[in-house]
Structure formats: C-alpha cells, structure tokens
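Spelled out from the first residue to the last, the chains are:
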Amino acid sequence: MRKILIVGAGQSGLQLALGLQERGYDITLMANRTADEIRSGRVMSTQCMFATALGHERDLGINFWEPLAPRIEGLGVSVAAPGGAGRAGRAVDWLGRLDGYAQSVDQRVKMSGWLDTFVQRGGQLVVHGAALSDLDYFSRLYDLVLVAAGKGELVSLFARDAGRSPYREPQRALAVSYVHGLGPRPEHPDTEAVRCNVVPGVGELFVMPALTTGGRADILFWEGVPGGPIDVFDGVTDPGEHLALTLELMERFTPWEYARATNVELTDAGATLAGRYAPTVREPVGRLPGGGAVLGVADVVVANDPVTGQGANSAAKCAAAYLDAIVAHGDRPFDEAWMQATFDRYWETARHVTKWTNAMLGPLPEHAVQLLGAAGQLPRVADRFANGFNDPSDFEHYFYDPAATAAYLESAAAGA
C-alpha cells in the first residue's frame, strides 16, 4: 500500500485525501486545526462552486450538503452607470441561466465535516502547523508528499513563475460578510442567483446565497481596487463595524442591492473576513533542503484573484486531476518528472482560469464592454457568459479578440 502525506485540509487537500483513501491508499493528512476549531472559527472564503466542480464531489460521494444548500440557477451582471442613470443606477443589468446549478457551502461546514469523515474512515490525522523541517523528515517516510496549504512558509518552496504571473501586487482588497435577513431580489424573485455588481474603476460587489453553520444565508463580498473608496477594511477587527462599512459602501455604490439589505445581520461572530493577495502562478515542484521533492496543489501553485469566483472550483478540479494521475501511476516512483507532468495536465485547465481572471482585473476593452451590454438584449449571450464560470475555456472562442466578439454578437443577434 502506497503511503501519501497531504499537508493542508482545504477543498483540494481534503477532497484528494478522501478520494485516495477510498481507493485504498495509506493517507496521512496534516492540518493546522481540528474539525471543531474549523467549525467554530472564522469564515474562510465565498466558495461558489459550479457544476463541474460539484460533480467531482458527487463522484466521490462526499456531496453531503447538496440537498441542503441553495441551488443557484443563474448568474447576473449589473454595471453601475455614471451619475446613477438607468434602471436604479445601472447601465447594464441581466441574468444568465446556468445549464447546471451551482452551490456555496461555508467551508467551516464542509471542511470540518470532511475532516471528521476522513478520521471516521480510518485516516491518520496530524494536527500540526507543518514547517519546512517537518517536510524534510516526512519526505523520507512517504512515497509522495503533496502540499495543499496555500499560506505560510511552505509556499516559499515553490518559485514564482514570472512568465505566468503578470502581477506582483494585490489587485483587489477583499471583504466578506455572511448575513441573514437579505430581502428578495425583485428582478427575479424565484431564481436563486449569484449577482456580480461592477462599479467601474472602483471594484465589484458579489451577492450570493449560501449554506452556513446556521442554515441558509447570503454572502456580501466586496472587491475593491487598492487605494480606492472600497479599500477601507484594513485594521477593522470588529464584525459589526465590518458589516456597517459593507452596507455604507452598498448604499453609496450599489443602491439597488442596499435596498434589499436594510435589515441584515451577521450570521455569527465569525462571519466576516478581509484581506488581499497577489495573483501568482508558481512552479509545481518544491525542493527540500535534504534533497527531497514535494508537489504543490491548487492555490499553492495557481492562486487567482477571486473576482471570477474560481478558487474552490479550481481546487476541486486540481484534486480530481491529481487523483487520476496518482492512481494511473501505479507502483512507479513519484519523481520530479511525474510531478511536473501531473501539474502540466492540470495547467491545461487552470490556464484558462488564470487568463480570464487576469483579464477581468483590469479595465475591460471596448469589445468586452459591448459584449456585456449586448447580453442584456440577447439572452443566449447572457447564458453563455454565465456558463463560462463553469468552463472558462469557452471564453477563448469569443471574449478576448475583438473580431471574434463581433462575429459572435452578429451571429447571436441573427439567431444562428
């Protein structure tokens, strides 16, 4: 039986651990918190997962919360108009229908539940914040060591890939609030949807339904351009103050969303999160001082800004790709060549996410603005854009090139 160590108990680390465990591998999981500590801690992300990523969980039989979480069947885009003109201050407003529903399950619920399941199924759990010296030792005891902890000193093992990382600084300041009491959406009251509200030059507000520790909730998620009027959450430690700032910004920049939020309250004392990080792609193989090698997983090696909502999706897809590669490799050594090849296969999927996310972080070119505007009159365009959140590779066909965009819009308008 092959012995594998996974460091990190997030979406990718736990999904991979449970998948390998099911296939008979001897898995040790190293986490920096217990399940109870995760469950009672602070929210960690927004984690809206689309159909393909949810399918990976379903394939492993670990989709425990699927019957409970809201089914997100649409994705809407609103763009604030200069001076507040248009429909309640919006220059663009539309809803695209998803081919397969999405869901958001608070990672405190999911990761604690998965961690309990891993232990109940006989997995070896080590609750310890791993250091480089630990990996040096463990690399001699295991057939393979995977690093799925995207923060801390272990990330320094993986060199930045400058050719795939155009940004050295964070491109957004992030602020999340989980709330109860958000009013119904008048535009489509019967359709659960993620709504992306774009305020040009300022940032974005995402609003999405979710399942949290106390049941159904909604997430208010600001992404602010650094140094701009939304970049005001640094140093705010009081959850009440965090929510008050969130609502003040909504009233100022997205009044159509604020109108629904006048009676909201935080779901719990750990319901807020703020931070920022630079989007970075790293080399997949980490070399240890003692000569061993480890393989980076998910956002350890491909960390995108959450502006396109791809973090948990990419983690699930990476875990699924690595699981297949490990099983297919049989009893052969997990050498550096195999590690690089395994990452390269995942990169064929991840590169589309990185390209699209980096494009959405900057000012959109005129042809992309026209595309978003046209989606308000052409439902098939809105639907296609919405489903790109599940499969970002589709944007290659019509989003980046002005001529391709023009040809697609002409075809869509003609009903072809």
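A. Region of interest: the overall build of the chain. What the chain contains, in helices and strands, is 12 helices and 17 strands. The C-alpha radius of gyration of the chain comes to 21 Å, within 12% of the 22 Å expected for a compact globule of 416 residues. A buried classification covers 58% of the 416 residues belonging to the chain. Long-range contacts, defined here as pairs at least 24 residues apart, represent 75% of the contacts in the chain between residues at least 6 apart. Accessible surface computed for the chain: about 16,700 Å², of which carbon and sulfur atoms make up 52%. Where the 35 positive side-chain charges of the chain centre and where its 49 negative ones centre are 2 Å apart.

B. Region of the structure containing the side chain of Ser45. Structurally, the position occupied by Ser45 is in the loop between helix H2 (35-39) and strand E3 (48-49). Side chain to side chain, Ser45 and Gln107 meet in a polar contact 3.5 Å long.

C. Representation of the pattern of salt bridges within the structure. Scanning the entire structure with this criterion turns up 23 salt bridges. Notably, a salt bridge pairs Glu187 with Arg90, separated by 2.7 Å at the nearest N-O pair. Of this pair, Glu187 sits in the loop between strand E8 (173-180) and strand E9 (193-199) while Arg90 sits in strand E5 (residues 90-104), placing them 97 residues apart in sequence. Take Glu187: its relative accessible area is 22%, and that puts it in the partly exposed class. A salt bridge links Arg351 to Glu348; its shortest N-O distance comes to 3.4 Å. Of this pair, Arg351 and Glu348 both sit in helix H9 (residues 336-361), 3 residues apart, which is roughly one turn of the helix.

D. The environment of Arg384, seen in detail. In this fold, Arg384 is placed in helix H11 (residues 379-387). The contacts of Arg384, once residues within four sequence positions are left out, are Asp394, His397, Tyr398 and Tyr408.

E. Summary view of the sheet that holds strand E2 (residues 26-31). Pairing in this open sheet of 6 strands is mixed, and the strands run E6-E2-E1-E7-E16-E15 from one edge to the other. Pairing within the sheet leaves two strands with one partner each, and these edge strands are strand E6 (124-127) and strand E15 (285-287). Pairs of neighbouring strands in the sheet enclose a mean axial angle of 25°, with direction left out of account. Pairing analysis gives 3 bridges linking E15 to strand E16 (residues 293-296), with the strands arranged antiparallel. Residue pairing for E16: Val285 is matched across the bridge by Leu295. Sitting on the sheet, helix H1 (residues 11-22) is in contact with strand E1 (3-7), E2 and strand E7 (144-147), with an inclination near 160° to E2. Docked against the sheet, H9 engages E7, E15 and E16, running at close to 5° with respect to E16.

F. Representation of the side chain of Asn358. Relative to the assigned elements, Asn358 resides in helix H9. The class of Asn358 is buried, set by a relative accessible area of 13%. In this structure Asn358 touches Pro166, Tyr167 and Pro279, once residues within four positions along its chain are discounted.

G. Layout of the packing of aromatic side chains. The tally for this structure, following the rule as stated, stands at 19 aromatic pairs. Look at Tyr137 and Phe138: their rings are 5.4 Å apart centre to centre, the planes differ by 65°, and that puts the pair in the edge-to-face class. A residue is classified by how much of its surface remains accessible, and Tyr137, at 47% relative accessible area, is partly exposed. Consider the rings of Phe395 and Tyr398, whose centres lie 5.9 Å apart with planes at 40°: the pair is tilted. A relative accessible area of 0% means that Phe395 is categorised as buried. Among the aromatic residues, those joined into a cluster by ring pairs are Phe50, Trp94, Trp356, Phe385, Phe389, Phe395, Tyr398, Phe399, Tyr400 and Tyr408. Over the ring of Tyr142 we find Lys3; its NZ or CZ atom is 5.2 Å from the centre of that ring.

H. Focus on the packing of helix H8 (residues 311-329) against H9. It is the contact of H8 with H9, at a shortest axis distance of 10 Å, that shows an interaxial angle of 150°. As far as their axial angle goes, H9 and H8 are roughly antiparallel. Along this stretch, H8 crosses H9, giving a crossing that reads as right-handed. Counted together, Ser314, Lys317, Cys318, Ala321, Tyr322, Ala325, Ile326 and His329 of H8 and Trp338, Thr342, Phe343, Arg345, Tyr346, Thr349 and Val353 of H9 form the full contact between these two elements. Its residues assigned to classes, the contact of H8 with H9 comprises 9 nonpolar, 4 polar and 2 charged.

I. Layout of the packing of helix H10 (residues 366-374) against helix H12 (residues 402-413). Two elements in contact, H10 and H12, have axes separated by 9 Å at closest approach and are oriented at 20°. Regarding the angle of H10 to H12, the classification is roughly parallel. Seen from above, H10 lies across H12 with left-handed handedness. Packed against H10, whose contacting residues are His367, Gln370, Leu371 and Ala374, the element H12 presents Pro402, Thr405, Tyr408 and Leu409 at the interface.

J. Here's a closer look at unusual backbone geometry. You will see that Gln47, though not glycine, has its phi angle at about 45°, which is positive. Looking at the element boundaries, Gln47 is found in the loop between H2 and E3. Of note in the backbone geometry, Ala298 takes a positive phi value of approximately 55° without being a glycine. Mapping Ala298 onto the fold places it in the loop between E16 and strand E17 (302-303).

K. Highlighting H8. The end-to-end C-alpha distance of H8 is 27 Å, a good match for the 27 Å that 19 residues give at a rise of 1.5 Å each. Buried residues dominate H8, accounting for 14 of its 19 residues. One or two steps after H8, the chain reaches Gly330, where phi turns positive at roughly 65°.

L. Molecular detail of the environment of Phe138. Take Phe138: it is sitting in helix H5 (residues 132-138). The class of Phe138 is buried, set by a relative accessible area of 17%.

Analysis parameters
Residues numbered from 1 in each chain as written. Predicted model: local features only at pLDDT ≥ 70, side-chain atom pairs only at ≥ 80, totals over all residues. Heavy atoms only, no water. Helix = DSSP H or I, 4+ residues; strand = E, 2+ residues; numbered from the N terminus. Rg over C-alpha atoms; globule rule 2.2 N^0.38 Å. Buried < 20%, exposed > 50% of the residue type's maximum accessible area, 1.4 Å probe, protein only. Contact = heavy atoms within 4.5 Å. Areas by Shrake-Rupley, 256 points an atom, 1.4 Å probe, with all protein chains shown as cover. Lys, Arg positive; Asp, Glu negative; His and termini not counted. Charge placed at Lys NZ, Arg CZ, Asp CG, Glu CD. Polar contact = N/O pair within 3.5 Å; in protein donor to acceptor, adjacent residues only side chain to side chain. Salt bridge = Lys/Arg side-chain N within 4 Å of Asp/Glu carboxyl O. Pairing = 2+ DSSP bridges. Axes fitted to C-alpha atoms, helices over the stretch in contact; angles between N-to-C directions. Phe/Tyr/Trp six-rings, centres within 6.5 Å; stacked < 30°, edge-to-face > 60°. Lys NZ or Arg CZ within 6 Å of the ring centre and 35° of its normal. Parallel < 35°, antiparallel > 145°, perpendicular 65-115°, else oblique. Left-handed = near helix turned anticlockwise from the far one by under 90°. Nonpolar A, V, L, I, M, F, W, Y, C, P; charged D, E, K, R; others polar. Expected span 1.5 Å × (residues − 1).

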